[in-house]
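The chain contents come next:
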Amino acid sequence: MRGLVAIVTFVFLAVGSALAQDAPLILPEKLKQVAASVWIIPDESRPMVPNVGFVVGQTGILVIDTGMGDKNGAIVAAVARKLAPDLRIYLVTTHFHPEHDMGANGFPRGARMLDGSTLLRSTTQEQDIAEFGCGVCKAFSDRSPAAAELLKGATYRAADISFENDRTLDLGGVRAYIFAAGPNHTRGDTAVWVETEQVLFSGDIAMKPQPFLGSPYSSVGHWLSTLESLAQLRPRTIVPSHGPTGGPEVIAGYKAYFTEIMERTAALKKSGKTAEDAVTTVTGAMTDRYPDKNRLAGAIRSAYKEAP
Ligand SMILES: [Zn+2]
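Throughout this description, residue numbers start from 1 for each chain and increase along the sequence as written. Predicted model: local features are reported for residues with pLDDT of at least 70 only, side-chain atom pairs are reported and counted for 80 or more only, and whole-chain, interface and lining totals are derived from all residues.

Caption draft 1: Focus on the sheet that holds strand E11 (residues 199–203). Strands sit in the order E8-E9-E10-E11-E12 across an open sheet of five strands; the sheet is mixed. Looking at the sheet topology across the chains shown, the edges are occupied by strand E8 (166–170) and strand E12 (237–240). Within this sheet the neighbouring strands show an average axis-to-axis angle of 20 degrees, counted without direction. Here E8 pairs with strand E9 (residues 175–180) via five bridges, running antiparallel. Across the sheet, residue Thr168 finds its bridge partner in E9, namely Tyr177. Whether two strands pair comes down to DSSP finding at least two bridges between them. We count a stretch as a helix when DSSP gives it H or I for four or more residues in a row; a strand needs E for two or more, and each element gets its number in order from the N terminus. Here an axis means a line fitted to C-alpha atoms, over the contact stretch when the element is a helix, while the angle between two N-to-C directions is reported on a 0 to 180 degree scale.

This is the structure we're talking about:
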């Protein structure tokens with residue numbers, strides 16, 4: 001009997017800790033500094049978790065991405081408070097997908113300068129929210145009970161400041177240039193450039209994982225031109241919204257991917273092949289290096305439409 005209790009207890013604990021491990025929670029103990037004014041909590045490539053960024057000045061702190069659900073938002077806000085106990089918190093999200101954005105309601109909402117937070121959104125991000133809402137929330141919730149629990153009741157927070165193209169935030173001794181860069185992964189893709197330290201928060205626009213055209217508005221041609229402008233900033237450090245932090249090679253990798261897709265697809269279109277022919281041929285040529293066939297197919301279909 002005692003043995004049975006021990007086994008049951010063991011199984012219970014094992015399941016419990018597996019659930020806790022699976023929960024897409026931001027882990028504040030992973031906080032690390034990547035430049036004089038810039039800190040991140042790396043996602044360690046866990047699913048449904050973003051890299052979270054903090055840009056700390058003398059008068060304000062900017063947080064980039066929230067994690068999924070109010071609980072994650074509160075965890076991230078507490079880290080911001082610790083990094084900058086007496087400063088105004090500004091918040092920006094790289095795009096409207098839930099793990100980047102749907103923790104914004106977990107941030108403090110006091111009206112006074114120092115006990116609230118200010119959310120900035122590009123108008124394109126607001127359009128994404130208005131048109132699509134959290135269309136992917138069900139798919140996220142279906143992936144694990146812990147994800148479903150985090151998303152239960154989560155809603156989008158309205159912007160305190162919405163901007164058309166870009167907004168420069170003077171945080172005191174450090175400036176953050178926030179700019180709308182879509183339609184790439186989404187129409188509302190937003191990136192942050194910390195010029196003083198040459199750190200770029202690139203969102204899903206440049207990362208190590210295979211690119212994903214996540215919106216009907218996504219465009220391979222536009223994405224290539226965005227990568228060109230990001231490269232011109234000459235970033236020293238690139239913090240993507242998922243996966244490892246890197247340097248200019250992060251941009252170069254995405255550029256090579258889309259250039260190859262565009263060139264192969266345009267040549268096939270010119271020779272009279274259909275879009276589905278192009279999907280088969282180009283996927284066949286690239287899948288050994290880029291294993292996600294759905295992502296390849298999405299990019300090829302878009303490139304076919306865009307090619308002359
Ligand atoms: Zn996304």
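Text resumes after the structure shown.
Caption draft 2: Representation of the domain arrangement of the chain. Here the bounds of each domain stem from an automatic or database domain assignment. The domain architecture assigned to the chain consists of domain 1 (24–247) and domain 2 (248–308). Facing 22 residues of domain 1, the contacting portion of domain 2 comprises 19 residues. Those elements that place two or more of their residues in the side of domain 1 that touches domain 2 are helix H7 (220–232) and E12. Examining the composition of the side of domain 1 that touches domain 2, we find that seven residues originate from one element, H7, more than from any other. Residues are grouped as follows: nonpolar covers Ala, Val, Leu, Ile, Met, Phe, Trp, Tyr, Cys and Pro; charged covers Asp, Glu, Lys and Arg; every other residue, Gly included, is treated as polar. A breakdown of the residues in the side of domain 1 that touches domain 2 according to their chemical character gives 14 nonpolar, seven polar and one charged. Here contacts are defined at the residue level, using C-beta atoms placed from the backbone and a cut-off of 7 Å between them.

Caption draft 3: Looking closely at the sheet that holds strand E4 (residues 60–64). Strand order in the open sheet made by the seven strands is E1-E2-E3-E4-E5-E6-E7, with mixed pairing throughout. The open sheet has two edge strands, strand E1 (32–35) and strand E7 (161–163), and neither has a second partner. Neighbour-to-neighbour, the strand axes of this sheet turn through a mean angle of 25 degrees, independent of strand direction. Of the strand pairs in this sheet, E1 and strand E2 (residues 38–41) are connected by three bridges, and their pairing is antiparallel. Bridging from a neighbouring strand, Gln33 pairs with Trp39 of E2. Where helix H4 (residues 123–132) meets the sheet, its contacts fall on strand E6 (117–122) and E7, and the angle it forms with E6 comes to roughly 85 degrees.

Caption draft 4: Main features of the nonpolar core. Linking buried Ala, Val, Leu, Ile, Met, Phe, Trp, Tyr and Cys residues through C-beta atoms within 7 Å yields a set, and such a set is a nonpolar core. Buried residues are those with 20 or more other C-beta atoms within 10 Å of their own C-beta, exposed residues have 12 or fewer, and partly exposed residues lie in between; C-beta atoms are placed from the backbone. Val55, Ile61 and Leu62 are the most contacted members of the largest nonpolar core, which totals 77 residues. The leading source of residues in this core is helix H8 (residues 249–270), at eight residues. Residues lining this core come from more than one domain, with at least three contributed by each of domain 1 (24–247) and domain 2 (248–308).

Caption draft 5: Focus on the pairing of strand E10 (residues 190–194). Of all the five residues making up E10, five are buried; the element is thus mostly covered by neighbouring parts of the structure. Because side chains alternate across E10, one face comprises the buried residues Thr190, Val192 and Val194, and the other comprises Ala191 and Trp193, equally buried. Direction of pairing for E10 relative to E11: antiparallel, over a ladder of three bridges. Bridge pairing links Val192 to Phe201 in E11. Here E10 folds back onto E11, and the loop between the two strands holds four residues, one of which, Gln198, carries a positive phi near 55 degrees.

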